[in-house]
Amino acid sequence: MPAVSPDPLAESAETASPVAETGSGHPDHAEEHVHSPERGAPRPVPVHDQQTLVEAGELLRALAAPVRIAIVLQLRTAERCVHELVDALGVTQPLISQHLRVLKSAGVVYGERHGREVMYRLVDEHLAHIVVDAATHAEELSGTRPRGRGARSPQDTAEETETA
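Okay, so let's go over this structure. (Residues numbered from 1 in each chain as written. Predicted model: local features only at pLDDT ≥ 70, side-chain atom pairs only at ≥ 80, totals over all residues. Heavy atoms only, no water.)

## Some details on the nonpolar core
Ranked by internal contacts, the top residues of the largest apolar core, which has 19 residues, are Ile-71, Ile-96, Leu-100, Val-108 and Val-109. Where this core is concerned, the elements lending two or more residues are α3 (66-75), α4 (82-89), α5 (93-105), β3 (117-122) and α6 (125-142). Element by element, the count of residues in this core is highest for α3, at 4 residues. In this structure Leu-100 touches Ile-71, Val-82, Leu-85, Val-109 and Tyr-120, once residues within four positions along its chain are discounted. (Core = buried A, V, L, I, M, F, W, Y, C linked by side-chain atoms within 4.5 Å. Buried < 20%, exposed > 50% of the residue type's maximum accessible area, 1.4 Å probe, protein only. Helix = DSSP H or I, 4+ residues; strand = E, 2+ residues; numbered from the N terminus. Contact = heavy atoms within 4.5 Å.)

## A few points about the packing of α3 against α4
Between α3 and α4, the shortest axis-to-axis distance is 11 Å and the interhelical angle comes to 110°. As summarised for this structure, α3 and α4 are arranged roughly perpendicular, according to the angle between their axes. Both α3 and α4 take part in a crossing whose hand is right-handed. In this structure, α3 contributes Val-67, Ala-70, Ile-71, Gln-74 and Leu-75 to the contact, and α4 contributes Leu-85, Ala-88 and Leu-89. Taken together, the residues of the contact of α3 with α4 break down into 7 nonpolar, 1 polar and no charged. (Axes fitted to C-alpha atoms, helices over the stretch in contact; angles between N-to-C directions. Parallel < 35°, antiparallel > 145°, perpendicular 65-115°, else oblique. Left-handed = near helix turned anticlockwise from the far one by under 90°. Nonpolar A, V, L, I, M, F, W, Y, C, P; charged D, E, K, R; others polar.)

## A word on the pairing of β3
In the sheet, strand β1 (residues 80-81) pairs with β3 via 2 bridges, with the strands oriented antiparallel. Note that in β3 the partner of Cys-81 across the bridge is Met-119. Where strand β2 (residues 109-114) meets β3, 6 bridges bridge the pair, whose relative direction is antiparallel. Note on β3: the bridge partner recorded for Val-109 is Leu-122. The turn joining β2 and β3, which pair antiparallel and follow one another in sequence, is formed by 2 residues; a positive phi near 65° is taken by Gly-115. (Pairing = 2+ DSSP bridges.)

## Some words on the pattern of salt bridges
For the structure on display, the rule yields 2 salt bridges. Across the pair Arg-61 and Glu-58 runs a salt bridge, and its minimum N-O distance is 2.9 Å. Linking Arg-61 with Glu-58, this pair stays in helix α2 (residues 50-62), spanning 3 residues, or about one helical turn. A salt bridge links Glu-112 to Arg-121, with the shortest nitrogen-to-oxygen separation between them at 3.6 Å. (Salt bridge = Lys/Arg side-chain N within 4 Å of Asp/Glu carboxyl O.)

## Concerning the packing of α3 against α6
Between α3 and α6, whose axes approach to 9 Å, the crossing angle comes to 125°. Taken as axis vectors, α3 and α6 run oblique relative to one another. Helix-helix and strand crossings are classified by hand; for α3 and α6 the assignment is left-handed. Across from Ile-69, Val-72 and Leu-73 in α3, the residues of α6 making contact are Leu-127, Ala-128, Val-131 and Val-132. Taken together, the residues of the contact of α3 with α6 sort by class into 7 nonpolar, no polar and no charged.

## So, the side chain of His-99
For His-99, the position within the fold is in helix α5. The class for His-99 is buried, based on a relative accessible area of 10%. Look past the residues within four positions of His-99 in its chain and what remains in contact with it is Ala-65, Val-67, Arg-68 and Ile-71.

## Section: the sheet that holds β3
Sheet strands pair by backbone hydrogen bonding; their relative direction is either parallel or antiparallel. An order of β1-β3-β2 is seen for the 3 strands of this open sheet, with the pairing classed as antiparallel. Taken across any chain shown, the strands that pair with only one partner, and hence form the sheet edges, are β1 and β2.

If you want it as structure tokens, here you go:
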């Protein structure tokens, strides 16, 4: 696993010297921040350790290719062998194999040999949720999917008009 440099913001906060709150606006002087009364205090958020954040980043990097996203979407419904993924995705066998190696080394997929074939499946259902949520969000942003419950896209309305 590659070495990750520490978070520069966290490092600067840890190494900053305590200075009296002067309100001068100078970057070396701490100021007390007060929220507007109507906003209320923010809820505390759990802090994750650095190793967890590094591993989450590695996972997201492994998923950050369109072919790998498509592979995960294929594997969320059933295990598949390489030739089934080639047929479903319309890409070459060497490319599928290369992407499967990346997903396997990241702990996203698991391959099990059955005779001459290796059947691939997702290691964990959480992985499918991450990819499905990302794809759904991308569709909403691009306008190819209705937003929210009961929302209708202009395409849905046009299709109804054509059939009426």
